[in-house]
Amino acid sequence: MNLIIQGKDIPTPSLKRLAKLSGAAAIEAISLTAFRLRAANEASRVEVTAWCEANALDCGWVPAERRIGDFGLLVMDMDSTLITIECIDEIADMQGLKPQVSAITEAAMRGEIDFAESLRRRVSLLEGLDESALQQVYDERLQLSPGAEVLLAAARAAGIRTLLVSGGFTFFTERLKVRLGLDYTAANTLEIIDGKLSGRVLGAIVDAQGKADWLNRVRTELKLEPRQVIAMGDGANDLKMMAEAGVSIAYHAKPVVRAQASQALSQVGLEGAVALLGEV
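Residues numbered from 1 in each chain as written. Predicted model: local features only at pLDDT ≥ 70, side-chain atom pairs only at ≥ 80, totals over all residues. Heavy atoms only, no water.

Engineer: Would you mind going over the sheet that holds strand β3 (residues 34–38) with me for this structure?
Structural biologist: Two pairing modes exist for strands in a sheet, parallel and antiparallel, and in both the strands are linked by backbone hydrogen bonds. Reading across the sheet, the 4 strands line up as β2-β3-β1-β4 and stay open at both edges, with antiparallel pairing between neighbours. Whereas interior strands pair on both sides, the edge strands pair on one side only; in this sheet they are β2 (26–31) and β4 (58–62). Shown here is a sheet whose adjacent strand axes are inclined to one another by a mean of 25°, direction ignored. Inspection of the sheet shows β2 paired to β3 by 5 bridges, in the antiparallel sense. Within β3, the residue paired with Ala26 across the bridge is Arg38. Contacting β1 (2–6), β2, β3 and β4, helix α1 (residues 12–22) crosses the sheet at an angle of about 30° to β3. Of the strands in this sheet, β1 and β4 touch helix α2 (residues 45–54), which is tilted by about 155° from β4. (Pairing = 2+ DSSP bridges. Helix = DSSP H or I, 4+ residues; strand = E, 2+ residues; numbered from the N terminus. Axes fitted to C-alpha atoms, helices over the stretch in contact; angles between N-to-C directions. Contact = heavy atoms within 4.5 Å.)

Engineer: Would you mind going over unusual backbone geometry with me for this structure?
Structural biologist: Glycine aside, the phi torsion of most residues is negative, and most peptide linkages are trans. Even without being glycine, Asp194 reaches a positive phi, approximately 55°. On the basis of relative accessible area, Asp194 is assigned to the exposed category, the value being 77%. A positive phi angle is found at Lys223, which is not glycine, with a value near 60°. Its place among the elements puts Lys223 in the loop between α9 (208–221) and β9 (229–233). (Buried < 20%, exposed > 50% of the residue type's maximum accessible area, 1.4 Å probe, protein only.)

Engineer: Help me out: how do you make sense of the packing of aromatic side chains in this one?
Structural biologist: Aromatic rings considered in pairs are described by the distance between their centres and by the relative angle of their planes. Going through the model one piece at a time under the given rule, you end up with 1 aromatic pair. Ring geometry for Phe171 and Phe172: centres 5.2 Å apart, planes at 75°, overall edge-to-face. Considered together, Phe171 and Phe172 belong to a single accessibility category, that of buried residues. Looking at Arg175, its charged tip hangs above the ring of Phe171, at a distance of 3.6 Å from the centre. Sitting above the plane of the Trp214 ring, Arg217 keeps its charged end 4.4 Å from the centroid. (Phe/Tyr/Trp six-rings, centres within 6.5 Å; stacked < 30°, edge-to-face > 60°. Lys NZ or Arg CZ within 6 Å of the ring centre and 35° of its normal.)

Engineer: I tried to follow the nonpolar core on my own but got confused; where do I start?
Structural biologist: Side chains of nonpolar character tend, in soluble globular proteins, to be buried together. Core analysis: the biggest nonpolar cluster contains 58 residues, and Leu82, Ile83, Phe172, Ile230 and Met232 have the highest contact counts within it. The element contributing the most residues to this core is helix α7 (residues 148–157), with 5 residues. Those residues in contact with Met232, other than ones at most four positions away along the chain, are Leu74, Val75, Met76, Asp77, Thr81, Leu151, Met241, Ile249, Tyr251, Leu270 and Ala273. Val165, Val218, Val229 and Val257 belong to the second-largest nonpolar core, a separate cluster that totals 21 residues. (Core = buried A, V, L, I, M, F, W, Y, C linked by side-chain atoms within 4.5 Å.)

Engineer: Which parts of the structure should I look at to understand helix α5 (residues 115–124)?
Structural biologist: Because an α-helix packs 3.6 residues into every turn, residues spaced three or four apart end up facing the same way. Among all positions in α5, only Phe115, Ala116, Ser118, Leu119, Arg122 and Val123 are buried. Taken end-on, α5 shows its buried residues confined to a sector of 160°, consistent with a single buried face. In this fold, the buried residues of α5 make contact with α3 (87–93), α4 (98–109), β6 (161–169), β7 (184–193) and β8 (196–202). For α5, the N-terminal capping position is held by Asp114, with its side-chain oxygen 3.3 Å away from the main-chain nitrogen of Ala116. (Arc of directions from axis to C-beta. Polar contact = N/O pair within 3.5 Å; in protein donor to acceptor, adjacent residues only side chain to side chain.)

Engineer: Quick question: what am I supposed to make of the sheet that holds β6 here?
Structural biologist: Here we have 7 strands laid out as an open sheet, ordered β8-β7-β6-β5-β9-β10-β11, and mixed in their pairing. The sheet terminates laterally at β8 and β11 (263–265), the two strands that pair on one side only. Between one strand axis and the next, the sheet turns by 25° as a mean value, whatever way the strands run. The pairing of strand β10 (residues 247–251) with β11 spans 3 bridges and is parallel. Across the sheet, residue Tyr251 finds its bridge partner in β11, namely Leu265. Along the sheet, α5 makes contact with β6, β7 and β8, crossing β8 at roughly 170°. Against the sheet, α9 engages β5 (73–76), β6, β7 and β9, with an angle of about 160° to β6.

What follows is the structure, given as structure tokens:
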């Protein structure tokens, strides 16, 4: 196995310490924030993980034979993964309801409330809001997560297709699809009547199972095996889709997600996923 170490600042003594802990044969720089420790002993995983957590570093164990070209589909959550915000919280802020909506969002992300029910409750609070608020959120508040464009460029270069699947809203996913050149998107549709939000969602809600279903639908269309799929997310409603992927990456995620993902990024941006996918 190769051990991937990532962080905003990685002192040379730290790399040497980790090489000793893991019995690695060599240290290689991947970028300014990522290093590969070759031929590391996976038996040291617990000790290495604990040391990295104590020293604000991300670590990931990657099969030495893995190559980024082995993958064919990258599936990403939107809110707090591809982008930095929770769109519904920012929409609610336009109504002066952000605290109430954010509290429901957080409970759903932790898995304490069924996602579909939480979405209905949050959207109902937006009844009467002018639809122009959606564009205002997109223009003024929506930002890509650090490293998003690096990750997407690496995926394109490797021939990996992209699916953005969200429990959020098509208003945002469709705009990001065009802006970023994504291949597929899926999300929920807000009902708008006479230019105002009705407080309802149209059609079946894209919840945890819906995300997993979309992953498998696109994977089947592309004639890929599960091992050729990468899934990234941060909340409990991402766990079902992440379980369907060969590699799952928890991005600045809740503890329940980090515990079940095959990899986790907490210190670096989305560019950190590239190093975890193997060599070019």
